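A look at the structure
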Amino acid sequence: KAGVTQTPRYLIKTRGQQVTLSCSPISGHRSVSWYQQTPGQGLQFLFEYFSETQRNKGNFPGRFSGRQFSNSRSEMNVSTLELGDSALYLCASSQRTGTPYEQYFGPGTRLTVT
Amino acid sequence: QQQVKQSPQSLIVQKGGISIINCAYENTAFDYFPWYQQFPGKGPALLIAIRPDVSEKKEGRFTISFNKSAKQFSLHIMDSQPGDSATYFCAAFGSGSARQLTFGSGTQLTVLP
């Protein structure tokens, strides 16, 4: 099976712009979770989508949003970018049934905000 | 209550030695404890995981020890190899508001040849 794929792998944006990141889960996985990784804050949970519905949300401002499509692919959007949004954004997929807790990560999208 | 505390921050071990990384949690809603390994430029990879109904789980050179009463768990890497040099994260996952991976701060392991 192919792993989790994320596009693009690298992005450079200017403060105030918005950005959309994409994640394709492992085939058969219907849950997609997003995480932000920074040197200062480590790995932090953003939100989880399952069956096109947000199921859980971390402690991030409303500028961070997401959605999931019927094929389980997910997108994450960050509006009005700030310098502090520079991070590695990771998505992880899981089955959410059977062994729902096993989450498999993609390689991430490295976002740099200048 | 969502925190997972991990130590040490960095660890240097000789080839063939044992690497030990420790984690502690507070939230009793956590019921699944995975360890992830991350190499530079890659996403975290699931290494091994344990549920609190067992005290130890072993997979190859990797062992998780779990102490439910102390709310602590640890990763032991036996016969450490230079290829094990990476950042290791412990995590916890649970139900309700804890239904998300809560990560420790990470341990940068260096195995010297």
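You'll find the structure just up there.
A few points on the structure. (Residues numbered from 1 in each chain as written. Chains lettered and ligands numbered in written order. Predicted model: local features only at pLDDT ≥ 70, side-chain atom pairs only at ≥ 80, totals over all residues. Heavy atoms only, no water.)

1. Concerning the interface of chain B and chain A
How we decide: What makes two residues a contact is simply this: any of their non-hydrogen atoms within 4.5 Å. The term buried area denotes the loss of accessible surface (1.4 Å probe radius) that occurs when two parts are joined, taken as the sum for both partners. Between Lys or Arg on one side and Asp or Glu on the other, a salt bridge is scored when a side-chain nitrogen of the former is within 4 Å of a carboxyl oxygen of the latter. Whenever a nitrogen or oxygen atom comes within 3.5 Å of another N or O atom, the pair is scored as a polar contact, on the condition that within protein one atom can donate a hydrogen and the other can accept it, and that pairs from neighbouring residues in sequence are kept only if both atoms are in side chains. Numbering goes from the N terminus for both helices and strands, where a helix is a DSSP run of H or I of at least four residues and a strand is a run of E of at least two. Here the term charged refers only to Asp, Glu, Lys and Arg, the term nonpolar to Ala, Val, Leu, Ile, Met, Phe, Trp, Tyr, Cys and Pro, and the term polar to all other amino acids, Gly among them.
The partner chain A presents 18 residues to the 18 residues of chain B that form the contact. For the chain B and chain A pair, buried surface summed over both sides reaches about 1,600 Å², with 54% attributable to carbon and sulfur atoms. Between chain B and chain A we count one salt bridge in total. Of the charged contacts in the structure, one is a salt bridge between glutamate 48 of chain A and arginine 99 of chain B, with a shortest N-O distance of 4.0 Å. Our count for the contact surface shared by chain B and chain A stands at four residue pairs in polar contact (both at pLDDT 80 or more). Among the secondary structure elements, those contributing two or more residues to the side of chain B that touches chain A are strand 4 (30-38) and strand 9 (86-94) of chain B. In terms of residue count, the dominant contributor to the side of chain B that touches chain A is strand 4 of chain B (four residues). For the side of chain B that touches chain A, a count of residues per class yields eight nonpolar, six polar and four charged.

2. Observations concerning the sheet that holds strand 8 (residues 74-78) of chain A
Two pairing modes exist for strands in a sheet, parallel and antiparallel, and in both the strands are linked by backbone hydrogen bonds. Residues and elements named next belong to chain A. The test is simple: The pairing criterion for strands is at least two bridges between them, as found by DSSP. Axes here refer to lines fitted to C-alpha atoms; in helices the fit is confined to the stretch in contact. Angles between the N-to-C directions go from 0 to 180 degrees.
Here we have four strands laid out as an open sheet, ordered 1-3-8-7, and antiparallel in their pairing. Two strands in the sheet have a free side with no partner beyond their single neighbour: strand 1 (5-7) and strand 7 (64-68). Averaged over all neighbouring strand pairs, the angle between strand axes comes to 20°, with direction disregarded. Pairing geometry for strand 7 and strand 8, over five bridges, is antiparallel. Its bridge partner lying in strand 8, phenylalanine 64 is registered against valine 78.

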